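An overview of the molecular structure
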Amino acid sequence: MSTKRNGTNEMTRENIVLVEDDADLSATLSLALEREGYEVVSYPTGREGLVGILGDPPDLVLLDLNLPDLDGLSVCREVRDTAAVRDLPIIMLTARVEESDRVLGLDLGADDYITKPFSLRELKSRIRALLRRRSLDGGVPEDEYSDARLQVRRGPMDVELDGDLVRLTVREFELLWYLITTRPRVASRESILERVWGLSSDVETRTVDVHIRALRAKLGSEMVETVIGAGYRFRGFR
């Protein structure tokens, strides 16, 4: 069962908001995730989902891209622009397969992107990976990295470039931190998928490239070096 501790040290179930207009798919996903131990609240429209997310923030959001009123990209944008919920992990669900759609979703702040049809096993694995990386033990000292321009604090997941705070998604932050911790070695796409996504074979390696592109757009192209045929290496700023 998936649980977390509340302020009284009691175990509570992790809560997921599902925004999906396909009633059959929504019912199937809700039942499968509840059997995994999650509490699931589902909404059939983007506006209802947004109201639910803002009113009672969950631990994670599953967000369909094609919704009948307010589309998933707009919901994602609103969540990321609202201070109280901007750090919520968001997984987008969509039938669109074009890379431009994935890039746009990631640029707007989605942490992950899964195309329909997908297996429940894959979805559950991605949910577990995101929730695991979001969960922080308050008793563990914060790890930090800094160089001439970049400062990264693992505990609060803060990133500053030239003194300005840079907003990264949970997934982007975990990718950045993994690259930092593996320097000066090269991190292969396969090792990144296994360590950052928590999977070894269920996600396309192209996913790594999309997230690397997003990191470079936010932090500068020179920060991460592409080693052809091998993977990526963190360079930082000297």
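Before reading on, note that the structure itself is shown above.
Fair warning: this is a prediction, and the values are worked out from it, not measured in the lab.

With respect to the overall build of the chain
- Counting secondary structure elements, the chain contains eight helices and 13 strands.
- Counting only contacts in the chain whose residues sit at least 6 apart along the sequence, the fraction spanning at least 24 positions is 57%.
- For the chain, the accessible area works out to roughly 11500 Å², and carbon and sulfur atoms hold 46% of it.

Regarding the pattern of salt bridges
- Counting across every chain of the model gives 18 salt bridges.
- Across the salt bridge formed by D158 and R153, the nearest N and O atoms sit 3.7 Å from each other.
- A relative accessible area of 24% means that D158 is categorised as partly exposed.
- Given the relative accessible area of 14%, R153 is considered buried.
- A salt bridge links R235 to E225, with the shortest nitrogen-to-oxygen separation between them at 3.3 Å. With a gap of 10 residues between them, R235 in the segment after β13 (231–234) and E225 in strand β12 (residues 224–227) connect regions that are remote in the sequence.
- The exposure class assigned to R235 is partly exposed, which follows from its relative accessible area of 33%.
- Overall, the relative accessible area of 27% leaves E225 in the partly exposed class.
- Put simply, D112, E122, R126 and R171 are held in one network by salt bridges that share partners.

Thresholds applied
Residues numbered from 1 in each chain as written. Predicted model: local features only at pLDDT ≥ 70, side-chain atom pairs only at ≥ 80, totals over all residues. Heavy atoms only, no water. Helix = DSSP H or I, 4+ residues; strand = E, 2+ residues; numbered from the N terminus. Contact = heavy atoms within 4.5 Å. Areas by Shrake-Rupley, 256 points an atom, 1.4 Å probe, with all protein chains shown as cover. Salt bridge = Lys/Arg side-chain N within 4 Å of Asp/Glu carboxyl O. Buried < 20%, exposed > 50% of the residue type's maximum accessible area, 1.4 Å probe, protein only.

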